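An overview of the molecular structure
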Amino acid sequence: MYTDRPCLPQIRRRFSAQNEKVIELFEQTQSSTHKLQRNRGGFVWTLNAEEFCEAFYTWAEACQTELPTDDENQKQWRKEFADHWSFIALAIHKSCLLYRLIYAREPLRTEMCPVHKGKWSGCVWEKLECGCQFGSNVTGWLRKD
Ligand SMILES: [Zn+2]
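Just so it is clear, the structure is predicted and the values come from calculations on it, not from any experiment.

**Description of the overall build of the protein**
Within the protein, the secondary structure is distributed over four helices and six strands. For the protein, the succession of helices and strands along the chain, N to C, is α-β-β-α-α-α-β-β-β-β. Across the 145 residues in the protein, those meeting the buried criterion constitute 8%. Across the protein, the fraction of contacts at a sequence separation of at least 24, relative to all contacts at a separation of at least 6, is 48%.

**Side note on the packing of helix 2 (residues 49–64) against helix 3 (residues 72–94)**
The geometry of helix 2 relative to helix 3 is characterised by a closest axis approach of 8 Å and an angle of 140° between their N-to-C directions. In terms of orientation, helix 2 and helix 3 fall into the oblique class. Along the contact surface, helix 2 presents Ala60, Cys63 and Gln64, while helix 3 presents Arg78, Phe81, Ala82 and Trp85. The residue makeup of the contact of helix 2 with helix 3, split by class, is five nonpolar, one polar and one charged.

**Focus on unusual backbone geometry**
Both trends apply: most residues other than glycine have a negative phi, and most peptide bonds are in trans. The phi dihedral of Arg105 is positive, around 55°, even though this residue is not glycine. Checked against the element boundaries, Arg105 lands in the loop between helix 4 (96–102) and strand 3 (111–112). Take Arg105: there are 13 C-beta atoms within 10 Å of it, and that puts it in the partly exposed class.

**Some remarks on helix 3**
Between its first and last C-alpha atoms helix 3 spans 33 Å; for 23 residues at 1.5 Å apiece the expected length is 33 Å, and the two agree. Its maximal kink placed at Trp85, helix 3 deviates by approximately 30°. Of all 23 residues in helix 3, zero are buried; the element is thus mostly exposed.

**Some words on the environment of Gly122**
Position of Gly122 relative to the elements: it lies in the loop between strand 3 and strand 4 (133–134). Of the residues examined, Gly122 has 9 C-beta atoms within 10 Å and is grouped as exposed. Distance in space between the C-alpha atoms of Gly122 and Thr139 is 7.9 Å, their sequence separation being 17 residues.

**Describing the environment of Thr110**
Along the chain, Thr110 falls in the loop between helix 4 and strand 3. With 9 C-beta atoms packed within 10 Å, Thr110 lands in the exposed category. C-alpha separation for the pair Thr110 and Arg143, spaced 33 residues apart in sequence, amounts to 8.3 Å.

Basis of the calculations
- Residues numbered from 1 in each chain as written.
- Predicted model: local features only at pLDDT ≥ 70, side-chain atom pairs only at ≥ 80, totals over all residues.
- Helix = DSSP H or I, 4+ residues; strand = E, 2+ residues; numbered from the N terminus.
- Buried ≥ 20, exposed ≤ 12 C-beta atoms within 10 Å, placed from the backbone.
- Contact = placed C-beta atoms within 7 Å.
- Axes fitted to C-alpha atoms, helices over the stretch in contact; angles between N-to-C directions.
- Parallel < 35°, antiparallel > 145°, perpendicular 65-115°, else oblique.
- Nonpolar A, V, L, I, M, F, W, Y, C, P; charged D, E, K, R; others polar.
- Expected span 1.5 Å × (residues − 1).
- Bend = angle between axes of the 7 residues up to and from the residue.

Quick look at the structure:
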């Protein structure tokens, strides 16, 4: 399920023109969750949200994994990455906005709720009149539709 909405994460891998035949064969056999598209003269793979998230976390873990071949600069870089990653990973995990962008495929809400004024205000299970909820989350921002 692919959409051109720019808020969706995508992993893109370029293929050269020589590989076009291989790509066509693979395209015929690929699962419905993978899409191969032409983009700016090349080919790109588009991952679904779950695949992207898995790749993203795999990348972050690999960045933090020390190798026997690492020199002191690389070890220091991995340590700094890990220090920042723990902060970012928590922000990702807690973000209602990121969840809405990726899994609900919402566009970024840009109109501030007059009541909650752009501030996430917890979870409320009854429907509020202001219109800024996403499920039980009071986002502080109004939906576009
Ligand atoms: Zn509100």
